[in-house]
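# Tertiary structure, described
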Amino acid sequence: MTTIEQFHAELTQEVRSTAENEESPQSLAQAFTEYAANLLLEAGEANDPRIAVLSKPGLICSGMDWDEERSRLTVFGTLFRSTDGISSLTKADLQPLLTGMSGFTSHSSMNLDQYVDESSDLHDVVSEIKTLWPAVECIRLMVLSNLRLRTEIPAFGDIRDRPVSVEVWDLERIHKIDSSGEAQEPVYINFPDYGIDGIQALGPFGDPDDYESYLAVIPGDVLARIYGLYGPRLLELNVRSFLQTRGKINQGIQSTIAEEPDRFLAYNNGLSLTAAGVEKSSDGERTLVTNLHDVQIVNGGQTTASLYHALSKSKRDLSEVQVQLKLTVVADEVRHELARSISQFSNAQNPVRMADFTANDKFHVAMEQISRSKWAPGKDGSHQMTRWFFERARGQYADAVARERTPAAQRSFKSEHPISQKILKTDVAKYEHMWLQKPHVVSLGAEKNFREFLQSRTENGDRTLPDEAYFERLVAKAILWKETERIVTKLALGGYRSVTVAYTLAFLSRGSKQRLDLNKIWQEQQLPGRLSDVIRDLAPQVHEVILQSAGTRNVTEWAKKKECWDAVCAIPWLAPDDILTKSSTPYLGPNNMADTPEAAAAKSDEETEALKRVIMASSHTWKAISSWAKETSNLQSFQRSIAYSLGNLLEKGRAPSVKQALQGVKILDEVERLGFDLQADHSRT
């Protein structure tokens, strides 16, 4: 683990580097807030943070977050100082910051939106708070800072009759999470805090050098109140992702709570928990578990969330509800491995979850392995090659720097692995969904977009693993994204930069039929000048359509909808030929198809040519063929079905099988013979 001094230096440098790229007068605060927001997302402390910086007397904000489940509004306030040494966060710093955050929250709930530029990100944040205000039951003021807290956190009064809590994420707290390799802060439960001495348990069972298991029953209202305090942090990360994708509230559970609460124990399967440790007491006749250390729910998240919903939203009496519980206390040296297996087998009844525990991890491990060995060409003809660092787990980059023992070695490492060339797991999902023309999904935010990426891989049975060609294309997409961010920033379009970037690049992918020369971008490690000019011309058009189509709606929320993408797709535009690849060989996807014998087999020249021809036809053409054949009663029904399936596969960026490609060639020959125009632009039909 890096020391806090090393971490502070790395963090300051990372924020400075980001700020230099942003070219914005408030970019230091914004860059740090965006960094902290990503940390909060992974830690389960935020759902969909909105970043917008305001710093005026009595009005301070750097963003907001809304927890619909707990009806909790979070307002962020950032204090970042770009100093070489670690500074202290004192009462003199904290009090005016909290006062300004309170003032911002109060005025936003009333009429601050009338005094903020409507085209700015800040207007979206203010409008969102005003719209949500009737549903807000509690407020959290969260201070984000690279200073070290040296004072007590003050209590804070209500804001317009809503209770307020204050949290400070200072340098030490951020360092502990970032450098630990853990996704979130540990959860500690002291049962006497919830009005009970403990939970009666049978056990322990198992090998104490490996694990101990207990069987117990926990009161439903205690479980609900624990979830109310910790929320999704209680849930093991993979379980949390699944739960948030699929929806939390089970109506069957709600009916049991309302109509037969005394039978809940008989009807419900209960929970599986893991913990790093327990504290117990005994009166000779029974054993009570009084404390749980670093606890996570690995199965039963829906039950827990549904109990909280019944208590907080439906105002149900949970006094008769009891929930069975299996608790596994895992020794430190085997904790991660065993906890992972418990989570896997506890969720084995759901096939999608099993895929999440296998294929997706292999994908990221393969990405990490390639990134550690693959050199990128030097920029502008330079002989100085670099690497793009894929960070599979948080803190890997900082740890890699710290492992270099001398300042000179650390400088050398950072020269070979520039901080600007770090790629996160959430970045992969962002770049891929942009290229697949799903900007409305990208606009959901990093966490939700990442979940959609994982879910689509598992649901589509995508077992491909990255190879070097895939990695090079991904890096090219990263360069495309980062350079477009700089272009849009310089254009000063007036807010919504991330939305404009996502939609502009998705539209560029669509208009070029995914034929931008990604290989050239990789080789040059920058955008060709002509492509930059095209983006510079296209971005204002896309930005204007997004704003116009939103009308009076919240622009950030509008950008999350497919209808917004449909509006942008109506822009009459064709990609100029001089930005398209000259290669006639399409990219067929990674060669590494995990556990797929057919994919591992060598392809004949005929099969390879069939794959090329089918992919070059584009998803729009295949869907047009399917519709045309149905309308004109041409082709056999199975051929129409194959045409539609090929369209779906290509739309998702996946290569067809050899069998599909060979059938596809026959279809192309047949429809061309029947008069279907394969050369027409079917993206507009």
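Residues numbered from 1 in each chain as written. Predicted model: local features only at pLDDT ≥ 70, side-chain atom pairs only at ≥ 80, totals over all residues. Heavy atoms only, no water.

## What to know about the pattern of salt bridges
Where charged atoms from two side chains of opposite charge approach closely, those side chains can pair. Taken as a whole and judged by the stated rule, the model has 30 salt bridges. Notably, a salt bridge pairs Asp533 with Arg536, separated by 2.8 Å at the nearest N-O pair. Of the two residues, Asp533 and Arg536 are both situated in helix H21 (residues 529-550); the distance of 3 residues between them amounts to about one turn of the helix. (Salt bridge = Lys/Arg side-chain N within 4 Å of Asp/Glu carboxyl O. Helix = DSSP H or I, 4+ residues; strand = E, 2+ residues; numbered from the N terminus.)

## Considering the sheet that holds strand S3 (residues 72-79)
Here we have 5 strands laid out as an open sheet, ordered S1-S2-S3-S5-S7, and mixed in their pairing. Edge positions in the sheet fall to strand S1 (50-56) and strand S7 (164-169), since each has one partner strand and no second. With direction set aside, neighbouring strand axes in the sheet form an average angle of 25°. For strand S2 (residues 59-67) and S3, the ladder comprises 5 bridges, and the chain directions are antiparallel. Bridge pairing in S3 places Asp67 opposite Arg72. (Pairing = 2+ DSSP bridges. Axes fitted to C-alpha atoms, helices over the stretch in contact; angles between N-to-C directions.)

## Observations concerning the confidence of the model for the protein
Residue-level pLDDT values for the protein average 83, and 85% of them are 70 or greater. Here residues 240-248 is modelled with pLDDT under 50, and outside its nearest four sequence neighbours on either side it reaches 31 contacts, counting other chains as well. Scored below 50 in pLDDT, residues 348-360 makes 26 contacts in the model with residues more than four places away or belonging to other chains. (pLDDT = per-residue confidence, 0-100. Contact = heavy atoms within 4.5 Å.)

## A closer look at the nonpolar core
Counting 62 residues, the largest nonpolar core has Val428, Leu480, Tyr503, Leu508, Leu531 and Val568 as its most contacted members. Per-element tally for this core: the top contributor is helix H18 (residues 468-491), with 11 residues. When neighbours within four sequence positions are excluded, Leu508 is seen to be in contact with Leu516, Leu531, Val534, Ile535, Leu538, Trp573 and Ile579. Counting 38 residues, the second-largest nonpolar core is a separate cluster that includes Ile189, Ile257, Leu273 and Val321. (Core = buried A, V, L, I, M, F, W, Y, C linked by side-chain atoms within 4.5 Å. Buried < 20%, exposed > 50% of the residue type's maximum accessible area, 1.4 Å probe, protein only.)

## Remarks on helix H28 (residues 658-673)
Taking 1.5 Å per residue, 16 residues should reach 22 Å; H28 reaches 23 Å between its end C-alpha atoms and fits that length. Those residues of H28 lying buried are Val658, Ala661, Gly664, Val665, Ile667, Leu668 and Val671. The buried residues of H28 occupy an angular sector of 165° when the element is viewed end-on, so they sit on one face. Facing away from the buried side of H28, by more than 90 degrees, are the exposed residues Lys659, Lys666 and Arg673. (Expected span 1.5 Å × (residues − 1). Arc of directions from axis to C-beta.)

## A word on the environment of Glu68
For Glu68, the position within the fold is in the loop between S2 and S3. The spatial distance from the C-alpha of Glu68 to the C-alpha of Val136 is 8.7 Å, given a sequence separation of 68 residues.

## As for empty space enclosed by the protein
For the coordinates displayed, the defined rule picks out 4 cavities of 30 Å³ or more. Around the largest cavity, the lining residues are Ile189, Phe191, Ile199, Ile218, Leu223, Ile226, Leu234, Leu271, Leu273, Leu292, Ile297 and Leu325. Elements that contribute at least two residues to the lining of the largest cavity include exactly helix H6 (220-230) and strand S11 (271-275). The class makeup of the residues in the lining of the largest cavity is 12 nonpolar, no polar and no charged. (1 Å grid on protein atoms, 1.4 Å probe; cavity = no way out; pocket = protein on both sides within 12 Å on 5 of 7 lines; lining within 4 Å. Points joined across faces, edges and corners; volume = space filled by probe spheres on them. Nonpolar A, V, L, I, M, F, W, Y, C, P; charged D, E, K, R; others polar.)

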